[in-house]
Structures are given as C-alpha cells and as structure tokens.
Amino acid sequence: MEIVIKSNADAAATLTAQLIAARVRAKPDLVLGLATGRTMEAVYTKLAALELDFSRCRSFNLDEYIGVPPTDKHSYRCYMDERLFDKINIVKTNTHVPDGMAPDLGAEVARYELLIKEAGGIDLQLLGIGEDGHIGFNEPLSALMSRTREKALTPATRRQNAGMFGGDPDRVPKRALTMGVGTILEAREIVLLATGPDKAAILAKAVEGSISAMISASAIQLHPRCKVVLDQDAAGALTQRDYYDWVFQNEPEWQAYR
Ligand code: GLP
C-alpha cells in the first residue's frame, strides 16, 4: 500500500482523477469500479473536465440503495449519471449499477457478479470510506471474503448519508446492495480517497491498524496494488507520515504526480 498526502481536498481529488486518467489512457477499454459519496464529486468533476475517451470503457458501481428507482435523484444511478456519465462519452449501456428495484435481489446480485466476471474483472476500483470504515456498503462485520449481496445499513451510516436525503436520516433507505469485500479485493488495482477531519480516526485504523471485519476498509491491506490518497485532515491520525511523504517525493512511479 502507498499513501499520498496532498495539501488539501482539491489537490487529493486532482491526483485521484489523474491516476484514473492515466489508466484510461494506457488501456482504452479499462473496466472501472466506481464509488459514490460527497468525496467523489470533485473527482468526477475533474475527470469529466479532462475530456478523455471513455467510449470503450465499462464501469461497475460499488452499491445502490434498495427500493430507490434509478430515476430518483437519491439513487446512486442518478448520482453517477449526473456527476459523470452524462458528461463523458462512455456508452451508457456499458455502465453498471446494481439494481435496487430488482424483484429478485438474490438473482440481481448473482447477475452483477457474473457481469463483472464477463467483463474480465475490474481493472481499477475507486473507493471512499465511511466513518465506520465501510467500503461500498460493507458495514462492520462484513465477511472479508463477502460477495455482492444485500446489506442492512447501520443507523450511523444512515445519519452520515442523510445529507443527500434532505438531511433526514429516516428517509435514507435501510438496506442496500453492495459489492462484497471479496469482490472489491479482486480488482487489479485499488485507489481509496478520503478527505476531511471526520475520516482521520477511521482511516488511521484502516491502514495502520489490524485487519478486521469490524473495519471493512482494513481489508485493502491485503491488496498488492493499492493506493490511498488523502488530504492533510484525513491524514491527521497517521503515525508514519514522514515515511509516506518520503516515498511520494522520491519513488519514480510518483514522478508525474508531484
Ligand atoms: C457511502 C458509500 C460509500 C462511500 C461512503 C463515503 O455510504 N456507499 O461508497 O465511500 O459513503 O461517503 P462520503 O464521501 O460522502 O463521506
């Protein structure tokens, strides 16, 4: 794992967009794993502004609320269309978000796993982190080998995501479909972005603490090709910052991003 600490949230989002852009340029038929949440909004704005060719790319989103139609502005499908897909030249039918309205959710999660497999797996998975350490909607105690499935959201997650539901946690759905931790770990590369002081404590536990099902994001420690991009605030509780900074300033692979 490599940790890059940028001066502010905007610079962290820029670096994340640059990393994605580099992979799209290197492999025009890249299979992207995408995340939602407030943190990613700046990344998608910047990515769209780069005017890359996404015409051969395919994408798979991490998760979707159950019972929220794709046309509803609270759905992650709508989030992705508005913030990214409608602004780039990706073919909409090549963008995939789990269908939280599917009559048979068991069949839907199996279909989603199969689609990822048929696409040849995910090349680059973008991740945020919830304040309880979730990636996707893998809430505490999600099995580290879990696959795409239905998951109940914690009251804390519903409170954190209330902003997108007019500030009312009761309006946030109680359940979601999410890629599993095991599904996420199969991506060939992972980039996790976290910004802001609210993420500092959980981020430090996830990357410098023990691997635990209590903190799903800690599973990225198992991944051989994983980058964590932070701003100063989100990096606030890390103990080895000097080392991470030294690596970023000196290792050749970061030269283009310094
Ligand atoms: C949501 C999403 C996650 C995201 C997280 C952080 O619950 N399911 O994929 O990483 O929240 O969101 P934010 O960036 O708004 O803090």
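This section reports on the structure supplied with the text. Note that the structure is a prediction, hence the values are computed from the model and not measured. (Residues numbered from 1 in each chain as written. Predicted model: local features only at pLDDT ≥ 70, side-chain atom pairs only at ≥ 80, totals over all residues. Heavy atoms only, no water.)

### Some words on the site of the ligand
Put simply, the rule is: Throughout, near means a residue has at least one heavy atom within 4 Å of the molecule or strand. Residues adjacent in sequence count toward polar contacts only when both atoms are side-chain atoms; beyond that, a polar contact is any pair of N or O atoms within 3.5 Å, and within protein one must be able to donate a hydrogen and the other to accept it. Each accessible area is a Shrake-Rupley estimate made with a 1.4 Å probe; only the visible protein chains count as cover when residues are assessed.
Neighbouring residues of the ligand: 13 residues in total, closest R38, T39, D63, N161 and K199. Within the side chain of R38, an N or O atom sits 2.8 Å from an oxygen atom of the ligand. One of the backbone nitrogen or oxygen atoms of I129 is found 3.4 Å away from an oxygen atom of the ligand. Compared with its free state, where it exposes 390 Å², the ligand has 96% of that area covered by protein.

### Quick word on the packing of aromatic side chains
Selection criterion: Stacked, tilted and edge-to-face are the three classes applied to pairs of Phe, Tyr and Trp rings, where Trp contributes its six-membered ring and a pair requires centres within 6.5 Å; stacked means planes under 30 degrees apart, edge-to-face means over 60, and tilted covers the rest. Secondary structure is summarised from DSSP: a helix means a run of H or I of at least four residues, a strand means a run of E of at least two, and numbering begins at the N terminus for each. We call a residue buried when its accessible area falls under 20% of the maximum for its residue type, exposed when it is over 50%, and partly exposed in between, using a 1.4 Å probe and counting protein chains only.
Summed over all chains, the structure comprises 10 aromatic pairs. Each ring, one from Y76 and one from F137, has its centre 5.9 Å from the other, and the planes form 15°; the classification is stacked. A residue pair is termed long-range when its members are at least 10 positions apart, and Y76 in helix α3 (residues 76-83) and F137 in the loop between β6 (124-127) and β7 (149-152) qualify at 61 residues. Each member of the pair, Y76 together with F137, is buried. Through successive ring pairs, a cluster of aromatic residues spans Y44, Y65, Y76, Y79, F137 and F165.

### Here's the deal with the pattern of salt bridges
Opposite charge on two side chains makes pairing possible when the charged atoms of those side chains draw close. The condition is simple: Whenever a carboxyl oxygen of Asp or Glu lies within 4 Å of a side-chain nitrogen of Lys or Arg, that contact is scored as a salt bridge.
Inspection of the entire model under this criterion finds 16 salt bridges. The partner of K27 in a salt bridge is D123, and the shortest N-O contact between them spans 2.8 Å. Placement of K27 in the loop between α1 (9-26) and β2 (31-34) and of D123 in the loop between α4 (105-118) and β6 is noted, with a sequence separation of 96 residues between them. The buried category is assigned to D123, whose relative accessible area is 10%. The shortest N-O distance in the salt bridge between R188 and D123 comes to 2.9 Å. Residue R188 is located in the loop between α6 (181-185) and β9 (189-194), and its partner D123 is located in the loop between α4 and β6; the two are separated by 65 residues in the primary sequence. Each member of the salt-bridge network shares a partner with another, and the members are R23, E189, R225, K227 and E253.

### Remarks on unusual backbone geometry
Positioned with a positive phi, E51 is a non-glycine residue whose angle comes to about 50°. Mapped onto the elements, E51 comes out in the loop between α2 (38-49) and β3 (58-61). Exposure remark for E51: the relative accessible area of 71% places this residue in the exposed category. Of note in this structure, L141 is not a glycine but carries a positive phi near 80°. In this structure, L141 sits in the loop between β6 and β7. Under the relative-accessibility criterion, L141 is labelled exposed at 61%.

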